[in-house]
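# Architecture and fold: a report
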Amino acid sequence: MNLGLESVRLPDGQTMELEVVRHPGGAAVVALDADRRVCLLRQYRHAAGGWLWELPAGKVDDGEDPETTAQRELREEAGLLAAQWQPLATMLSTPGFCDERIALFLATDLQKVATEHQRHELIEIHWLAFATARQWCHEGRIQDAKSMIGLLLAGERIAGDAGISP
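Just so it is clear, the model here is predicted, and its values are computed rather than measured.

### Considerations on a nonpolar patch on the surface
A cluster of nonpolar side chains, namely Tyr44, Trp51 and Leu122, defines an oily patch on the protein surface of about 300 Å² accessible area. Mapped onto the fold, Trp51 is located in strand E5 (residues 50-54). Of the residues examined, Trp51 reaches a relative accessible area of 39% and is grouped as partly exposed.

Pasting the structure below:
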């Protein structure tokens, strides 16, 4: 990641200086178990002012593709492996100043393994009924954008796979 000041010529011909964060990208995972429970992390985020509910997620490492990132983060943060992976979408997190793209995945057929939290990570692992997690998005309990979008898109995918409207 780096923050820079870039000279930009806009489509209307104006030239200006813009602060831009160049980010390697990330991946986030909606991990859904056989009982239709989703793995949510309650994680401390200083920049956001405290604890947030989030999907397992993280930054793409050098040379890594987003699905590999998603698999690694699911294992490290949630202590899970998944046999089935479905891409949901790729989103721009904050396009006004940052080029970060986050790939969203639905992971199923889960197996528990040991977590590998990094020293700076304060993470609690929780399992919540999928319908409740989606409701939390609408109620504002989940405020993290990638988590909200991932949960809402996964709901549409699950409904579509079942042949019902979301």
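On we go from here.
### Quick word on helix H1 (residues 66-78)
The periodicity of an α-helix, 3.6 residues per turn, causes residues three or four positions apart to be oriented the same way. If you check H1, its first and last C-alpha atoms are 17 Å apart, about what 13 residues at 1.5 Å a residue would give, namely 18 Å. For H1, the complete set of buried residues consists of Thr69, Ala70, Arg72, Glu73, Leu74, Glu76, Glu77 and Ala78. Structurally, the start of H1 carries an N-cap: the backbone nitrogen of Glu67 is 3.1 Å from a side-chain oxygen of Asp65. Where H1 ends, the next residue or the one after it, Gly79, has phi of about 70°, a positive value.

### Quick notes on the packing of aromatic side chains
Evaluation of the coordinates by the stated rule reveals three aromatic pairs. Seen from their ring centres, Tyr44 and Trp51 are 5.8 Å apart, and the 70° between their planes marks the pair as edge-to-face. Tyr44 gets classed as partly exposed once you look at its relative accessible area, which sits at 36%. Each ring, one from Trp85 and one from Phe105, has its centre 6.1 Å from the other, and the planes form 80°; the classification is edge-to-face.

### Quick word on the nonpolar core
Soluble globular proteins tend to bury their nonpolar side chains together. The biggest cluster of nonpolar side chains holds 22 residues, and the ones touching the most others in it are Val30, Val38, Leu40, Leu106, Phe130, Ile142 and Leu151. Every element with two or more residues in this core is listed here: strand E3 (26-31), strand E4 (37-45), strand E7 (80-92), strand E8 (101-112), helix H2 (130-139) and helix H3 (145-162). Among the elements that take part in this core, H2 stands out by supplying four residues, more than any other. Discounting residues that sit within four places of it in the chain, Phe130 has contacts with Val30, Leu32, Arg36, Arg37, Val38, Leu151, Ala154, Gly155 and Ile158. Counting residues in hydrophobic clusters, the runner-up holds 15 residues, among them Val29, Ala31, Leu41 and Ala103.

### Observations regarding H2
Of the positions making up H2, those classed as buried are Phe130, Ala133, Trp136 and Cys137. Summarising the axial view, the buried residues of H2 lie within an arc of 115°, below the 170-degree limit, and thus occupy one face. Exposed side chains of H2 directed beyond 90 degrees from the buried face belong to Ala131, His138 and Glu139. Gly140 sits one or two residues past H2 and shows a positive phi near 90°.

### Looking at the environment of Cys98
Relative to the helices and strands, Cys98 is located in the loop between E7 and E8. Those residues in contact with Cys98 that sit more than four places away from it in its chain are Val21 and His23.

### Digging into the side chain of Thr69
In this structure, Thr69 sits in helix H1. Excluding anything up to four places from it in sequence, Thr69 contacts Ala27, Gly58, Lys59, Val60, Asp61 and Glu64.

### Some thoughts on the sheet that holds E7
The mixed open sheet is built from four strands, whose spatial order is E6-E3-E8-E7. One side of each edge strand has no neighbouring strand; the edge strands of this open sheet are strand E6 (57-59) and E7. Geometrically, the sheet is characterised by an average inter-axis angle of 25° between neighbouring strands, direction not taken into account. Examined bridge by bridge, E3 and E6 share three bridges and lie antiparallel to one another. Bridge pairing in E6 places Ala28 opposite Ala57. Relative to E7, H1 is tilted by about 125°, and along the sheet it contacts E3, E6, E7 and E8.

How each quantity is defined
Residues numbered from 1 in each chain as written. Predicted model: local features only at pLDDT ≥ 70, side-chain atom pairs only at ≥ 80, totals over all residues. Heavy atoms only, no water. Patch = residues over 30% accessible without salt bridge, like charges linked within 9 Å, V, L, I, M, F, W, Y side chains within 5 Å. Areas by Shrake-Rupley, 256 points an atom, 1.4 Å probe, with all protein chains shown as cover. Salt bridge = Lys/Arg side-chain N within 4 Å of Asp/Glu carboxyl O. Helix = DSSP H or I, 4+ residues; strand = E, 2+ residues; numbered from the N terminus. Buried < 20%, exposed > 50% of the residue type's maximum accessible area, 1.4 Å probe, protein only. Expected span 1.5 Å × (residues − 1). Polar contact = N/O pair within 3.5 Å; in protein donor to acceptor, adjacent residues only side chain to side chain. Phe/Tyr/Trp six-rings, centres within 6.5 Å; stacked < 30°, edge-to-face > 60°. Core = buried A, V, L, I, M, F, W, Y, C linked by side-chain atoms within 4.5 Å. Contact = heavy atoms within 4.5 Å. Arc of directions from axis to C-beta. Pairing = 2+ DSSP bridges. Axes fitted to C-alpha atoms, helices over the stretch in contact; angles between N-to-C directions.

Taken by themselves, the reported measurements are silent on function.
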